[in-house]
Amino acid sequence: MKRWLRNVCFRLRALFHNGRKESELGEEIEHHLGILRREFEEKGMSGEEARKAALREFGNMEAIKEGSRENWGVHTATCVMKEFRLGLRLLWKSKVFTAAVVLTLALCIAGNTVIFTLLSGVLGPPDYPDPDRVVQVWAAYPGIGGESGRMGGVNSASRLVDFYNNADHFESLTLIQNRDVNISLEGSSFRSRGLYVTKGFFEVTGVDPFSGRYFAESDYSVEGGEAHFYIVLAEPFWRNQLGADRDIVGKTVYLNSLPNKVIGIAPARVGSHFGKPDFYRIYPNPFKFPQDRLDRSRHGNAYPIWGRLKPGVTQAQAKAQLDNLDRLHYERSDSELKGFIDRSQYEARMATHQQISANNEGRLLYLLQGSVLMVLLIGCLNVANLLVARGFGRRSEFALRAAVGASRLVLIRQLLIECVVLALASSVIGYGLALGAMGLVREYLSIDLIVYSPEGALSLGSSSLLFLIAVSLGVGLLLGVFASISLLFSKQNLASSMHGESGKATANKSIRYVRSSLVSAQVALTVLLLVGAGLLIQSFQKALNTNPGIETENIYVSKLGLAWGKYEKGENDGGARKIRFRDQFRASLMEIPGVESVTFTPYLPMLDEMGHWSGIALQDSPHRPEDGLVSAHVTVVPEDFFETFGIPLLRGRYFDFSDKSRPEGVFIVDRSFAERYYKGVDPVGKYVGWGESFSFGDNDPSEVPMIVGVVENIKHLGLDHWESSRDAPSSPMMYRLEIDRALSTDFSVAIKGSRPLDNLFPIVQRKALEIDDQLPLYMNDTLENLIEGSLDDRRTFMLLITILSAMALILSAIGIYGVLAYDVIQRTQEIGLRLALGSTRDGILNLFMKQGSIKVFAGLLIGLVCAALLSSRISDFLYQVEPTEPMSFAMVAVFVLIIAALATYLPARKALRVEPMQALRVE
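Residues numbered from 1 in each chain as written. Predicted model: local features only at pLDDT ≥ 70, side-chain atom pairs only at ≥ 80, totals over all residues. Heavy atoms only, no water.

**A few points about the environment of E784**
Note the threshold: Under the DSSP-based scheme used, a helix requires at least four consecutive residues in state H or I and a strand at least two consecutive residues in state E, with every element numbered from the N terminus.
As for its position among the elements, E784 is in helix 25 (residues 783-789). Residues E784 and T552 lie 232 residues apart in sequence; the distance between their C-alpha atoms is 5.1 Å.

**Observations regarding the nonpolar core**
For the record, the criterion: The definition of a nonpolar core used throughout is a set of buried Ala, Val, Leu, Ile, Met, Phe, Trp, Tyr and Cys residues joined through side-chain atoms within 4.5 Å. Exposed residues in this analysis have more than 50% of their type's maximum accessible area, buried residues have under 20%, and partly exposed residues fall in between, with area computed by a 1.4 Å probe over protein chains only. When checking whether two residues touch, look at their non-hydrogen atoms; a contact exists if any pair is within 4.5 Å.
Of all hydrophobic cores here, the largest spans 108 residues; its most connected members are L479, F642, F645, F655 and Y735. The element that contributes the greatest number of residues to this core is helix 19 (residues 504-544), accounting for 14 residues. Non-local contacts of Y735, meaning those with residues more than four positions away in its chain, are made with T635, V637, F641, F642, F655, V666, F667, I668, D670, V711, I714 and H716.

**Quick word on the sheet that holds strand 11 (residues 555-561)**
The test is simple: The criterion for strand pairing is that DSSP finds at least two bridges linking the strands in question. Fitted lines through C-alpha atoms give the axes, limited to the stretch in contact for helices. The angle between two N-to-C directions lies from 0 to 180 degrees.
Read from one edge of the open sheet, 4 strands run 12-20-11-21, paired in antiparallel fashion. Looking at strand neighbours, the two that pair on one side only are strand 12 (595-601) and strand 21 (777-782), the edges of this open sheet. This sheet shows a mean twist of 15° between the axes of neighbouring strands, independent of strand direction. In terms of strand pairing, strand 11 meets strand 20 (residues 746-753) through 7 bridges, oriented antiparallel. Each bridged residue has a counterpart across the sheet, and for K559 the counterpart in strand 20 is S748. Sitting on the sheet, helix 21 (residues 576-589) touches strand 11, strand 12 and strand 20, and the angle it makes with strand 12 is about 155°.

**Quick word on the environment of A521**
Structurally, A521 is set in helix 19. Classification of A521 as partly exposed rests on a relative accessible area of 28%. Separated by 143 residues in sequence, A521 and I378 have C-alpha atoms that sit 7.9 Å apart.

**Some remarks on the packing of aromatic side chains**
Where we set the bar: Aromatic pairs are defined between Phe, Tyr and Trp rings, using the six-membered ring for Trp, whenever the two ring centres lie within 6.5 Å; interplanar angles under 30 degrees are classed as stacked, those over 60 as edge-to-face, and all others as tilted. Two conditions define a charge sitting above a ring: the NZ of Lys or the CZ of Arg must be within 6 Å of the ring centre, and it must be within 35 degrees of the ring normal.
Under the defined criterion, the tally for this structure stands at 22 aromatic pairs. Ring geometry for F201 versus F202: centroids 5.0 Å apart, planes at 80°, classification edge-to-face. Of the two residues, F201 and F202, both sit in the buried class. Taken together through their ring pairs, the aromatic side chains of F201, F202, Y214, F215, F274, Y280 and W306 make up a single cluster. Lying over the aromatic face of F229, R281 brings its terminal NZ or CZ to 4.1 Å of the ring centre. Here the basic side chain of R582 rests over the ring of F747, its NZ or CZ set 4.2 Å away from the ring centre.

**A closer look at the confidence of the model for the chain**
In plain terms, the rule: How sure the predictor is of each residue is captured by pLDDT, a score from 0 to 100.
Within the chain, residue pLDDT values average 76, and 74% of them lie at 70 or more. Of the regions scoring below 50 in pLDDT, residues 500-507 engages in 8 contacts with residues more than four places distant in sequence or in other chains. Below a pLDDT of 50 lies the segment residues 722-729, which in the model reaches 19 contacts outside its immediate sequence neighbourhood of four places, other chains included.

**Examining the pairing of strand 16 (residues 666-670)**
Burial within strand 16 is extensive, with 5 of its 5 residues counted as buried. Here strand 16 shows a buried face lined by V666, I668 and D670 and a second buried face lined by F667 and V669. Two strands pair when backbone bridges link them, and strand 16 and strand 18 (residues 706-711) are joined in this way by 5 bridges, in the parallel orientation. Residue pairing across strands places F667 opposite I707, the latter belonging to strand 18.

Quick look at the structure:
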């Protein structure tokens, strides 16, 4: 042990005192030479003869020095440090080359780091204890289209009660609901989004409170009246809106004018995967519902359910237990409900948050990560081309070093060190670029993926820094290995480079082959990216030009929510307060110049949820049971809804005011409903049974709702929703008239004008506050802008892929230009000789254009084939565009050929300026 420590100390001292050791070595050698010289002088030799004889006797001085350094044990480290300094000097001397390489790699590395940061942040597990035990449970109905490529979904409160009471594989279960409310505190009012949760929510997350406490079992028994409800604030809301008031716990805040006592503050990470709510409040207790109501509403799905598995319980075991509970319910159901369950192919699904994110948001991020990796690969190919060109110019340098004793290992090490230095310099600049890019992402990207990403997902943390360093070192080593192989292991022997131009043609041929292959690879990768970008651009244009089914011009929209405690609580006057508010607000808004009509609607087309799904029974419908369950989405609208939004009437009539007095109600259905369930039959005048029983029951048909009209389809779920992306019919829709006694407290105000109604918000807000001084408005804009904004996710994705494709195209064009420009320089003598022997300048131009075209065509062909094979990977992101759209492939091919022809022509023109006699004199 002591010997080992002594050796380590000796080696460290030798490393850090290398100059002194070298001086001592030189003195020792001189001492031995002096002894030998004196011995030869004593034999009668002159001084000069004795010195030469002493040198011959002593041997190779440099070899002896190298042997001594090896004995020190620090020779390799010393050489690496010397080669590192040498590499820095050489790179500093070649400033243009160094700048080109560093900037190219920095851009590519920064792009990869940004996407990796999003990928690891958004798709990482929740910051909960044992996150693999936290799962979502949802209902899937593949038999009636209740399933898509996305994971996750909703469930029912009755199923939660059953699971909570009987599924002992779960430590806890909870149901959550997102709600927008008006929050008031000490004169300030905010429109805020919170989570209404059942008991067990905070136990599911497993995160301790930041301050105060969470809900206790006794808190769920509070029924309201004048008693306090209880609320837990989210830490970001507490900091940003309430100034981090340390005394907030115990105070009262008002949600929709109802008092709520603050009992605690939840850390930000609690809600980071639930849409970042501002608060948490107790959901109305479903555990007190009677069993018959629970059984009837078991498939009335509306809410997400999350649970925490017990330690040691697998998802498969928990899923089996839920399936058993569903089977028991099925056995006690009536035949009608059994038929629905059978036809809909209902089953419970389960997955962790990480699995859901990887399946949903992950597809987009993985595609972006693959795209930026391709750009990085193209950049590396470009740099490799530069390294090959630079390395060929240094062959004499390496040949000279080899001649004086440098081994191939030493030369390879020199190249590796230079490439790693370039990569590390790129990583420093790339980190700065990535920081700036993440700032732009946070500032300007408002897509849901960014807005609702977990806390810390948009910051460059330690994992991002490690990724950046790892990528940089990996790129540096790969480039160094490639440069070493292409230069030191080519057919040409290094020693031949000491003989001027001998063997130059052979060397040039092998080097040109390597560089041509790299150019073809660049073009192929670029074509792959451009095809993807072209398909996405076509999809975006088609989505943007899609007819939404409604008029959007000159309609201004604001959303508001009346405080439940002020307009609903304790009221038995059939909604009179809400009616008075709407009448006053409508009259006030009609005073604005240019306003033609004002509509209050709980459902805003294409921007709100399209109502709830319901099974229905139809009178005199040709639809057969074997054709599938009869179901539709049902939404409530005011009587002037269709006229305001310009939805065409196909048959029957619109709603009128007299329909409000009809107790059983009336429906208007859309064309999709009529074509699916009344094909060849007029549905107007037919009766509809709907609700939890899915039938007329014992009622006379005249006592159930009747269809009074058929209207055109609307793109309810957005311009680019997947249902219409393959020309499939949209979901059947039923519109029910909103009645006065059931007016919603949350609704939209649609203001239709005879002219553009821009910048209307200050006026609308002022008029609202004149009626209710604590009524915040939100989502204020023209309907046209809001609908176009629904394409933000698609637009952002398209722009990112387009930017990456443009970067790839620029790098490829630079690569083509660089290869041919280098060829022109290297073949100056050949060009002069061809011209001297009678070749025309057009012939020389055609020669270089042909050589460039071969590289481009090879890459183009490979790229198109790969794009055809891989384009199906982005089919989920396309709208009414096939993955193998011929026009996209043809446009990409033409565009690449034009850019490549330009990049080929410019260096080829340089060959035309070569003078034959001058070229023949070039060494």
